[in-house]
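Each chain is listed here by its residues.
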Amino acid sequence: MASAEKRGKTWRVKWKNGDGEWIWEPGFATKQDALDWGRDREAEVRAGTWIDPRAGEMLLSTWCDDWYEAQDLDITTMVNYEYAIRLLIKPYLGDKALNELTPLLISKWQKQLRRKHEQSTCTTAHTRLHTVLEDAVLNKKIGSNPAKRSGRRRGKLQEAVEAAESLWTTPVVVLRIAERAAIWTGREDEFIAIVLKAFTGVRWGELLALDVEHCLFRKIQIFWQLKEVKGAFLRDLPKGRRRREATLPPFLGDLLARQIERAKKRTCLCQGEQPRWHKDLDNPLPVCEGGRHYLFLGPKLGHFRRSNFGRDIWRPVVDGEHPATGGKAARPARPVVHDGTRWHALFKDGTPHDLRHSQETWLGEEHVAQKAINRRMGHKTKRMESIETIYTHVSDEMERQICDALERRLWAAVGELAAERPTDRPASPVAVLDELITVWRARQSAAGTRDEDHVPAVSPNDERPLPKISGKSL
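Residues numbered from 1 in each chain as written. Predicted model: local features only at pLDDT ≥ 70, side-chain atom pairs only at ≥ 80, totals over all residues. Heavy atoms only, no water.

Scanning the chain from terminus to terminus reveals 17 helices and 12 strands. Looking at the chain as a whole, 45% of its 474 residues qualify as buried. Within the chain, contacts between residues at least 6 apart in sequence are counted, and of these 64% link residues at least 24 apart. Carbon and sulfur atoms provide 50% of the accessible area of the chain, an area that totals close to 25400 Å². (Helix = DSSP H or I, 4+ residues; strand = E, 2+ residues; numbered from the N terminus. Buried < 20%, exposed > 50% of the residue type's maximum accessible area, 1.4 Å probe, protein only. Contact = heavy atoms within 4.5 Å. Areas by Shrake-Rupley, 256 points an atom, 1.4 Å probe, with all protein chains shown as cover.)

Next up, the structure:
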């Protein structure tokens, strides 16, 4: 029990900490102040909330190293944490003790980061630091998390957050993006890849992992993903370890069959070489060994790298300008001029992942059951579902509703493009889009018919292999 004694003109208190040690704390004006302070500390010890002040003297850099060593997460998550800690946290805050960190200091750090990095990078770094310090609280190194957001967002930060929440687009914009990508690269592969991503909601790694083997009649099996880690491509199950299938609307089945014919004639050139860091992992994922008939490969038969695809294809196509570059060869953003025409922005600041959000938005507008949307998107649904969705099952009729809705939206988008394109010459320099527009116009010219009358029923359980078709099968 705490006791007090007078030392000169002040009082000090003796109390027992959580380690069973007797501690003297000096500097109190009265005996009662000293006793109250000591009894409060002992109450914290009994309640399990006492924090040893000496524990907070550990440097943030030391705690980050200890924390990282204890994690057992997905390899891409581990790489992302390592990057943030090494380049965004340690250089700025690594020499600070844990108990020196304050919300004000964290705000200053974020302001420093925003001078050099994009807002998304700064937000990610803050999230990583919050996670690291949250575990410091759980391990009783500090009493509270100084990186916890206050809820107040003002100025540029608030504007950035609001802008990021509204990024989705329409089917006609998807077709415009896909057309531009095909023009930019001189290949149909990018057109079909972008349309497939938007109308199935597959993630980037899942798109890269699609191969001929997992394409059935009007259906794709999303059983794998390719993870790009430190320059190597690793083969893993989809996010959340959830394999799934996605039924395709008729138009997309035809596009996919067209791509399959190309994919059968080529394989990726990966050699299966294990990087040095990969050999040190406890449970390493298999490296892509090559020889597979992947649907989408780059011009040199390698896998698309996320950063290269974004810089060289996606950003010029959707923003209408080449992104700025840093380093020794730094260059400002430059407008894209193609055939004497400057491209305007189609989906400013949008990312390939936003196409996934777009499909979910379209299906929500069509009043598709949330359970069916979740399964198609591959969401981890347990904590997202209501009682209503928990007791709902995805039926064949729901799958047909999804396919019918996507089919209608595609042809409506093709109609928008057809209305603004000439009729006396090809409607698009991209052959596959020109054929889609030709089919739409033929339907419109048929007397007494409407586009909605030509949407075939789709059986979600049809597992026949896709037939070999010509490019004119649309």
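What follows picks up the thread again.
Next up on the list: helix α8 (residues 189-200). Residues three or four positions apart in an α-helix share a direction because the helix packs 3.6 residues into each turn. For α8, which comprises 12 residues, the first-to-last C-alpha distance of 16 Å matches the rise-based estimate of 16 Å (1.5 Å per residue) to within 8%. Burial within α8 is extensive, with 12 of its 12 residues counted as buried. Residues of α8 that are buried include every one of Asp189, Glu190, Phe191, Ile192, Ala193, Ile194, Val195, Leu196, Lys197, Ala198, Phe199 and Thr200, and no others. A positive phi of about 75 degrees marks Gly201, the residue just after α8. (Expected span 1.5 Å × (residues − 1).)

We now examine the nonpolar core. Of all hydrophobic cores here, the largest spans 76 residues; its most connected members are Ile177, Phe191, Val195, Phe199 and Ile220. Ranked by size, the runner-up nonpolar core spans 23 residues in total, among them Ile85, Leu88, Leu101 and Ala125. (Core = buried A, V, L, I, M, F, W, Y, C linked by side-chain atoms within 4.5 Å.)

Scanning the model with the defined rule gives 34 salt bridges in all. Among the ionic pairs, Glu420 bridges to Arg176, the shortest N-O distance being 2.7 Å. Residue Glu420 is located in helix α16 (residues 396-420), and its partner Arg176 is located in helix α7 (residues 171-185); the two are separated by 244 residues in the primary sequence. For Glu420, a relative accessible area of 45% puts it in the partly exposed group. Taken together, the salt bridges that share partners define one network made up of Glu188, Asp189, Arg258, Arg262, Arg266 and Glu435. (Salt bridge = Lys/Arg side-chain N within 4 Å of Asp/Glu carboxyl O.)

Taken together, the three strands give an open sheet; going across it, the order is β1-β2-β3, and neighbouring strands pair in antiparallel fashion. Each edge of the open sheet carries a strand with a single partner, namely β1 (3-7) and β3 (22-28). Going across the sheet, the axis of each strand differs from the next one's by a mean of 25 degrees, ignoring polarity. Two elements, β1 and strand β2 (residues 10-16), share five bridges in a ladder whose sense is antiparallel. Bridge pairing in β2 places Arg7 opposite Thr10. Its contacts with the sheet place helix α1 (residues 31-47) against β1, β2 and β3, and it is angled at close to 20 degrees to β2. (Pairing = 2+ DSSP bridges. Axes fitted to C-alpha atoms, helices over the stretch in contact; angles between N-to-C directions.)

Bringing the environment of Arg315 into the picture now. Locating Arg315 in the fold gives a position in helix α12 (residues 306-319). Between the C-alpha atoms of Arg315 and Phe347, which are 32 residues apart in sequence, the distance is 9.4 Å. When neighbours within four sequence positions are excluded, Arg315 is seen to be in contact with Gly310, Gly320, Glu321, Pro323, Phe347, Asp349, Gly350 and Thr351.

With that settled, the discussion passes to the sheet that holds strand β4 (residues 215-216). In a beta sheet, neighbouring strands are held together by backbone hydrogen bonds and run either parallel or antiparallel to one another. Strand order across the open sheet formed by three strands is β4-β5-β8, with antiparallel pairing between neighbours. Looking at strand neighbours, the two that pair on one side only are β4 and β8 (244-247), the edges of this open sheet. By the bridge criterion, four bridges tie strand β5 (residues 219-222) to β8 in an arrangement that is antiparallel. Following the sheet pairing, Gln221 is matched in β8 by Glu245.

Right, let's get into empty space enclosed by the protein. Applying the stated rule across the entire model yields three cavities of 30 Å³ or more. Considering only enclosed or pocket space, the largest cavity measures out at about 100 Å³ in volume. Taken together, 13 residues form the lining of the largest cavity, with Ala193, Ile194, Trp204, Leu207 and Phe309 sitting closest to its centre. Among the secondary structure elements, those contributing two or more residues to the lining of the largest cavity are α8, α9 (204-209), α12 and α13 (352-365). Considering each element in turn, the lining of the largest cavity owes the most residues, four residues, to α8. When grouped by side-chain class, the residues that make up the lining of the largest cavity number 11 nonpolar, no polar and two charged. (1 Å grid on protein atoms, 1.4 Å probe; cavity = no way out; pocket = protein on both sides within 12 Å on 5 of 7 lines; lining within 4 Å. Points joined across faces, edges and corners; volume = space filled by probe spheres on them. Nonpolar A, V, L, I, M, F, W, Y, C, P; charged D, E, K, R; others polar.)

Looking at the chain, pLDDT values average 86 and 86% of them are 70 or higher. Within the model, the stretch residues 159-163 combines pLDDT values under 50 with two contacts to residues more than four positions away or in other chains. Predicted confidence for residues 449-474 stays below pLDDT 50, and this span has 58 contacts to residues more than four positions away or in other chains. (pLDDT = per-residue confidence, 0-100.)

With that settled, the discussion passes to unusual backbone geometry. One non-glycine residue, Arg218, lies in positive phi territory at about 60 degrees. Within the secondary structure, Arg218 is located in the loop between β4 and β5. At His367, a residue that is not glycine, the phi angle is positive and equals roughly 60 degrees. Following the sequence through the fold, His367 ends up in the loop between α13 and α14 (370-377). Residue His367 is classed as exposed on the basis of its relative accessible area, which comes to 68%.

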